[in-house]
Amino acid sequence: MRTEQTSLGSTSPTRRSSPVSNAYTVLLEQPISLYAASVLRIGYGLLYLAFLLREFPHRREIWGPDSPWTPALATQLFDQTGWFSILTLSDSPLYFEGCYALAVATCALFMLGWRTRAMSLVFAIVVASFHARAIFMTDGGDNLMLLMALYLCLTACGRRWSLDARRNRLQRSTIGRASRLTRLGSSDRWCNLIATRRLLVTVLHNCGMFVIAAQVCILYGSAGLYKVQGGLWANGTALHYVMNLDLFQPWPALSHMVDSQQMLVAVVSYMTVLVQVAFPFVLFGRLKYVFVTILLGMHLGIAILLGLPLFSGAMIVADAVFLPDRFYQFLARACGRIPLRRYAGGSAATSSSGCRG
Amino acid sequence: MREALSSERDGRSRLLESMDSVDAWKPGRGTAESAIGDPTPAKDEPDPASDTPPERSGTGFLLEAVTGSAVVLFLAASLLHVLLVFLHVAPPNVVSQRYSSQINAWIFPLFEQSWRLFAPDPESVTRQILARTMHTSPDGTQQVTDWFDLTAVDESDVEHNFFPSHTTQNMLRRAWTSYLESHGSDDQSNSERALMIQKYLRNIAVDRVAEHRDSTFEAIQLQLITRPIAAPGAARSVDGTAPVPPIETRYLPWWGAGPDEN
């Protein structure tokens, strides 16, 4: 989360750094972790798209007017809880198919970062609607995706690796928009408005990223602390019971093989609790890379062993919020496909188009 | 690019300084003061520490007041949100009990969450749900079918599936746990919510039986078999003898299966 420190330092080398002014600078002057925000956008857009497409054969059973959780029951529950869903506005099967198509298109466009701010709002409405309509079929992964869809509306999650970023880049290089805006922006008031807007967007983004990070910490902290209270986690046999639940056993032979390694089961049970409880406390040092790697391994294990790829995916994407921009830039360079360094630098320099007075 | 960035920052810090004088927000002063040591800002900036308001047009002043308030609002809202989510997730305590109405008003329904994933203890039983149906023929005789194993269908769908559907992993399982939470052992639906869950569970069973069996029926009954998962070898040797909890079988009452039965 506190990743832009270095780049901020390079823009104001002479600034004295007290913790308060540092925090203030990080909060107000530059949107933090733009790459992580984009990774969250791509990740959750992709996951919800995969969810919708995977359930295509079951879509009517889950969200449709013929679901066992009938529209009447859903509306009755909304009256009690205050939820809202676009899906209960009409019982027509055609309307439902329209909503489903809208949801698929929204997820795809959100993932690609097309008109991201608007799409993030539509995405949140879509996810909330589909979540609420099938509230008794959701699990922790769905819950996390809903929360993240809501929080991502606050963030500038379309600044990197998106169609928006690409369009901005192309516009700049072809028309020379910056110079045009300089002329337009000669008045002080115009500059003030632009600066105000930028400031508010930045603060909102930073608040959003803070809330996302805090939410993930609360998630791991409480998941760990609740496990501490359990006798089966204490004696290291919890995973044995988890792996013997028939509905979470897509590969019975594999589950039995792992289950037969009692030492392994005990070690992993203990490690699960320790890592979850400790996670919020290691985020401010290098140790977080070790923890994120362990969690990645655990979630991959859950995805395959327990047949919960969506849940695991949601957790893995959530962990990505803690990786700094320089990590993603390194990753992008290592992949060697796109010269991201140039994009990042270019957009930072020109997004502040011509309000120089 | 270096220049562009620093001048961008100047524009902002100018705005911030004047904003700071509007709402006298403490962390803001920190930046304004530290900016004095920064040689880049223009010299004609108003002294942020002085009490005289900066010379600005009415709209500019208004804009800055609104901006400053918005920034404070965003920050306060984020911190408050995180605090309320924490209190919602944490075990009931003095604080969360005292402010439960405020916490619930903010959290529900959008931010509701529970992270007791396999906690405090994972389930140590497996549940098998079966259904049978009754058909009354026109002459008044009643025919009851064999038990149809609903859980087995789910399990066979999960097996060798990289991406099992929510309909197999969550639908029946969660409907049943919700039923258990809302009903006593007498299977009476004593609340509106309980009645809704009962209808939901019945609808699932009716749909599944109708999908797999080509018969008409007017009533449906569910049977639940709860089997304990055997303790692992290590736990058994510690105890000396493995306790063998009994297999429980529970029969639910017959429910009408028509679409308008309530």
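A few words on the overall build of chain A. Per the secondary structure count, chain A includes 19 helices and 0 strands. For chain A, the residues scored as buried account for 48% of the 357 residues in total. Looking at chain A alone, contacts between residues at least 24 apart form 74% of all its contacts between residues at least 6 apart.

Turning next to the pairing of strand 4 (residues 219-228) of chain B. All names here are of chain B. Taken together, the 10 bridges between strand 1 (residues 125-136) and strand 4 define a ladder with antiparallel strand orientation. The residue of strand 4 that forms the bridge with Arg-127 is Thr-226. Sheet topology note: the strand 4/strand 6 (residues 255-256) ladder contains 2 bridges and is antiparallel. Across the sheet, the residue bridging to Ala-219 is Gly-256, located in strand 6. Here 4 bridges tie strand 4 to strand 5 (residues 248-251), and the two strands are oriented antiparallel to one another. Looking at strand 5, one finds that Ile-225 is bridged to Thr-249.

This paragraph deals with the interface of chain A and chain B. At the interface, 81 residues of chain A touch 79 residues of chain B. Of all the secondary structure elements, the ones that give two or more residues to the side of chain A that touches chain B are helix 2 (19-28), helix 4 (59-62), helix 5 (71-81), helix 8 (140-152), helix 11 (188-228), helix 12 (231-234), helix 13 (238-242) and helix 19 (340-350) of chain A. Broken down by element, the side of chain A that touches chain B gets its largest block of residues, 19 residues, from helix 11 of chain A. Broken down by class, the residue content of the side of chain A that touches chain B amounts to 42 nonpolar, 29 polar and 10 charged.

For the rest of this paragraph, the subject is the confidence of the model for chain A. Residue and element names in this part refer to chain A. Per-residue pLDDT for chain A has a mean of 87; in total, 86% of the residues score no lower than 70. Mean pLDDT values for the elements of chain A range from 38 in helix 1 (residues 5-11) up to 98 in helix 3 (residues 34-54). Taken as a whole, residues 1-15 scores under 50 in pLDDT and shows 30 contacts with residues more than four places along the chain or in a different chain. Counted against residues more than four places away or in other chains, residues 340-357, with its pLDDT under 50, gives 37 contacts.

Analysis parameters
- Residues numbered from 1 in each chain as written.
- Chains lettered and ligands numbered in written order.
- Predicted model: local features only at pLDDT ≥ 70, side-chain atom pairs only at ≥ 80, totals over all residues.
- Helix = DSSP H or I, 4+ residues; strand = E, 2+ residues; numbered from the N terminus.
- Buried ≥ 20, exposed ≤ 12 C-beta atoms within 10 Å, placed from the backbone.
- Contact = placed C-beta atoms within 7 Å.
- Pairing = 2+ DSSP bridges.
- Nonpolar A, V, L, I, M, F, W, Y, C, P; charged D, E, K, R; others polar.
- pLDDT = per-residue confidence, 0-100.

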